[in-house]
Amino acid sequence: MTDWSQLSHAYGSAEDIPALLDRIEADPSDEHWSALWSALCHQGSVYSASFAALPRLTAIATTAADPKEQVNAVHLAAAIVAGADQLNGLGDLRAQNAQDIAVLLRRANEHLRTVPDRTDYIYLLEAVLAFEGVPVWGEELACGLVNEEYQTSCPRCETDLFVAIGEYGHFSTSGDYALHDDVERAPLRPADPGDLHGIGLRLHSLALGDGQGEVATALTYLFGGARCTDCGADFVVADRMGEFC
């Protein structure tokens, strides 16, 4: 049995986590999920209680009657697993939770094939990579594709840049394009799908195969080229992943 009093979350003792998980199983409201996220994965930080909750999240991901709740559990579990390195003092948390992670990975892949919502699909792609232990991509794939904007810096002059991929267009700029129409914008250069390789090829192929054409197109821009509007340096957007979010 887990002694929750010996564990902690974002706000202190984790004694309240079992009751919160019980409430979610009885009434999976957005409010209850938000409270659980805030406690176990506050702004991307994870805690000893976060990993202790994985078995319950795995159970929800496999037995909840509503597929939406299954996906909610997968999303939170993936965010927790992606932060495993934050708690290196607790040992190899991925190995300790390997059985649950394997089940969660299978559930993420199953939902990936059927979920119609673009946002849920992107988060599930990220979840698959998190459960597989893929560095960077398991934490940062969704932050820009969902918000349709990445924030990074120029690899040459270090100017802060916005990379827009979505509603506002496909460009890079150092100006606040959301507030001003007259900022200089450098069009992105999408990658030719035939030239993709590695993680880019894998993600693009998955999105196409799952009928997510909009996501597949966005990925060609993510793995394509950009230009700094201040110094003119060219760079590959995906190469700046470690600088995003």
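You'll find the structure just up there.
Since this is a predicted model, take the numbers as computed values, not measurements.

Quick rundown of the environment of threonine 2? Include the residues and the values.
The residue threonine 2 is located in the segment before β1 (8-9) in this model. Looking at threonine 2, the relative accessible area reads 41%, which means it is partly exposed. Sequence-wise, threonine 2 and alanine 77 are 75 residues apart; in three dimensions their C-alpha atoms are separated by 18 Å. When sequence neighbours within four positions are dropped, the list of residues in contact with threonine 2 reads Leu7 and Ala52.

Requested: an account of the packing of helix α8 (residues 118-132) against helix α10 (residues 198-209), with residues and values cited.
Where α8 contacts α10, the axes come no closer than 12 Å and their chain directions differ by 135 degrees. Considering the angle they form, α8 stands oblique to α10. Both α8 and α10 take part in a crossing whose hand is right-handed. Counting all contacts with α8, which are made through Tyr121, Leu125, Val128, Leu129 and Glu132, the residues of α10 involved are Ile199, Arg202, Leu203, Leu206 and Ala207. Here the residues of the contact of α8 with α10 are counted per class, giving 8 nonpolar, no polar and 2 charged.

Which residues make up the side chain of serine 172, and what values do they have?
Within the secondary structure, serine 172 sits in strand β7 (residues 169-173). Residue class for serine 172 comes out buried when judged on its relative accessible area of 0%. Engagement of the side chain of serine 172 in a polar contact is seen with the backbone oxygen of arginine 227, the distance being 2.5 Å. Once residues lying within four places of it in the same chain are set aside, the contact partners of serine 172 are Phe162, Val163, Glu184, Arg185, Ala186, Leu188, Ala226, Arg227 and Thr229.

Outline the pairing of β7, supporting the account with residue identities and numerical values.
The side chains of a regular strand alternate between the sheet's two faces. In terms of burial, β7 is a largely internal element, 4 of the 5 residues being buried. Across 2 bridges, the pairing between β7 and strand β8 (residues 186-187) is antiparallel. Bridge pairing in β8 places phenylalanine 171 opposite proline 187.

How would you sum up the packing of α8 against helix α9 (residues 137-147)? Please name residues and give values.
The contact between α8 and α9 brings their axes to 7 Å, and the two run at 165 degrees. Taken together, α8 and α9 sit at an angle that is classed as roughly antiparallel. In this structure, α8 crosses over α9, and the sense of that crossing is right-handed. Together, Arg118, Thr119, Ile122, Tyr123, Leu125, Glu126, Leu129 and Ala130 of α8 and Trp137, Gly138, Glu139, Glu140, Leu141, Ala142, Cys143, Leu145 and Val146 of α9 make up the contact between the two elements. Classifying every residue of the contact of α8 with α9 gives 11 nonpolar, 2 polar and 4 charged.

Here is what the cut-offs are and how they apply
Residues numbered from 1 in each chain as written. Predicted model: local features only at pLDDT ≥ 70, side-chain atom pairs only at ≥ 80, totals over all residues. Heavy atoms only, no water. Helix = DSSP H or I, 4+ residues; strand = E, 2+ residues; numbered from the N terminus. Buried < 20%, exposed > 50% of the residue type's maximum accessible area, 1.4 Å probe, protein only. Contact = heavy atoms within 4.5 Å. Axes fitted to C-alpha atoms, helices over the stretch in contact; angles between N-to-C directions. Parallel < 35°, antiparallel > 145°, perpendicular 65-115°, else oblique. Left-handed = near helix turned anticlockwise from the far one by under 90°. Nonpolar A, V, L, I, M, F, W, Y, C, P; charged D, E, K, R; others polar. Polar contact = N/O pair within 3.5 Å; in protein donor to acceptor, adjacent residues only side chain to side chain. Pairing = 2+ DSSP bridges.

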